Each structure stands twice: as C-alpha cells, then as structure tokens.
Amino acid sequence: MAVLLRLDLLCGAQGAFLQGRPTPGWTGTQHIHLSPNRHSGSKAASLHWTSERVVNVLLLGLLPAAYLDPCAAMDYSLAAVLTLHSPWGLGQVVTDYVHGDASQKAAKAGLLALSALTFAGLCHFNYRDVGICKAVAMLWKL
C-alpha cells in the first residue's frame, strides 16, 4: 500500500487515487472508439452480411469437394471464393484499427488492389501451372 501511495505521489496526483478524491480533468468516463456504422438500417448492410455468410458456407463446402475431386472448376472456384473471403475479413481489421478517413481509404484501396492481384495470380497459377488443388496435394506429399 505504501508503494502505491509513493508511486501516486511521484506521478503528481498527491494521493488522490488512494484517498478517493477525483483527479482533476477526469470526468469519470472513457471514450471508446467504435467502428463507424455507415450502413445503419440500410439494405446494403444486410445484403453484405448475407453475402459474407453465403461465401463462408460455399468455402466450407468447396474445401472437402476440392479434396475429393480436384479439377479446374474447383481450382477457379477456390480462387474466387478465397479472394472474396479474405478481403472482407481484412477490411474489418482496417475499419477497426486504421483511424482517419484518408488513411482508411488508402488502406482499403490497397486492400482492393492486393485482392485483385491475388485473384489474377491464382487464376494465372491455375491456368499455367498445376492448380490450387494439386499444389496443396503436392505439398502434403512432401
């Protein structure tokens, strides 16, 4: 207890923490940053939420199907679904942790460019090389 009192005195609060007196300038509330709710009450938010769930369910079905029947259709389906699934999750990370409108717009533009590049790269890999399913099977054989 004496250590806390001394630490409090060193910090300049003159023991207010331990003696129950309010610290000057503190209102007793904290500001908690929440993600902006731009689509509150709109149909666009509901459709976005539904489309995220549909893609998640498709991904759950595609993974075992790709294992059981690896073919070009599975490769391209995986490329599309993975490219849709990843940026939506990372977009929420950007919304939660990147502050400022200009920074958020730049981060989301970079994420969109990275997603387009990822989709193009996966399609190129499927067309020019063995494809996603066979590549994963080759990695498992190592």
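The structure contained in this document is the topic of the report that follows. This structure is a prediction, so every number in the text was calculated from the model and none was measured.

Here's the deal with the overall build of the protein chain
- For the protein chain, the count of helices and strands is six helices and zero strands.
- Along the protein chain, helices and strands appear, N-terminal first, in the series α-α-α-α-α-α.
- Looking at the protein chain residue by residue over its 142 residues, the buried ones come to 19%.
- Counting contacts in the protein chain only where the partners sit at least 6 residues apart, residues at least 24 apart contribute 51% of the total.
- Element-wise, carbon and sulfur atoms account for 68% of the exposed surface of the protein chain, whose accessible area totals about 10,900 Å².

A few points about the packing of helix 4 (residues 72-97) against helix 5 (residues 101-128)
- Packing of helix 4 against helix 5 brings their axes to within 10 Å, and their N-to-C directions diverge by 165 degrees. Relative to helix 5, the element helix 4 is oriented roughly antiparallel. Every pair of crossing elements has a handedness; the one defined by helix 4 and helix 5 is right-handed. Every residue of helix 5 that contacts helix 4 at Asp75, Tyr76, Ala79, Ala80, Thr83, Pro87, Leu90, Gly91, Val94 and Thr95 is listed here: Gln104, Ala107, Lys108, Leu111, Ser115, Thr118, Phe119, Leu122, Cys123, Asn126 and Tyr127.
- A per-class count over the contact of helix 4 with helix 5 returns twelve nonpolar, seven polar and two charged.

Regarding the layout of surface pockets
- The calculated volume of the second largest pocket comes to roughly 210 Å³.
- Together, Leu63, Ala66, Tyr67, Pro70, Leu78, Leu82, Ile132, Cys133, Val136, Ala137 and Trp140 line the second largest pocket.
- Among the elements of the structure, helix 3 (43-68), helix 4 and helix 6 (132-141) are those that each provide at least two residues to the lining of the second largest pocket.
- For the lining of the second largest pocket, the element with the highest residue contribution is helix 6, accounting for five residues.
- Looking at the lining of the second largest pocket residue by residue, the classes come out as eleven nonpolar, no polar and no charged.

What about the pattern of salt bridges?
- Throughout the structure, instances matching the rule amount to one salt bridge.
- Of the charged contacts in the structure, one is a salt bridge between Arg53 and Glu52, with a shortest N-O distance of 3.2 Å.

Examining the nonpolar core
- Val55, Leu59, Leu62, Ala66, Met74, Leu78, Ala79, Val81, Ile132 and Cys133 together form the largest nonpolar core, which totals ten residues.
- Secondary-structure elements contributing two or more residues to this core are helix 3, helix 4 and helix 6.
- Excluding residues within four positions of it along the chain, Val81 makes contact with Val55, Leu59 and Leu62.

Rules of the game
- Residues numbered from 1 in each chain as written.
- Predicted model: local features only at pLDDT ≥ 70, side-chain atom pairs only at ≥ 80, totals over all residues.
- Heavy atoms only, no water.
- Helix = DSSP H or I, 4+ residues; strand = E, 2+ residues; numbered from the N terminus.
- Buried < 20%, exposed > 50% of the residue type's maximum accessible area, 1.4 Å probe, protein only.
- Contact = heavy atoms within 4.5 Å.
- Areas by Shrake-Rupley, 256 points an atom, 1.4 Å probe, with all protein chains shown as cover.
- Axes fitted to C-alpha atoms, helices over the stretch in contact; angles between N-to-C directions.
- Parallel < 35°, antiparallel > 145°, perpendicular 65-115°, else oblique.
- Left-handed = near helix turned anticlockwise from the far one by under 90°.
- Nonpolar A, V, L, I, M, F, W, Y, C, P; charged D, E, K, R; others polar.
- 1 Å grid on protein atoms, 1.4 Å probe; cavity = no way out; pocket = protein on both sides within 12 Å on 5 of 7 lines; lining within 4 Å.
- Points joined across faces, edges and corners; volume = space filled by probe spheres on them.
- Salt bridge = Lys/Arg side-chain N within 4 Å of Asp/Glu carboxyl O.
- Core = buried A, V, L, I, M, F, W, Y, C linked by side-chain atoms within 4.5 Å.

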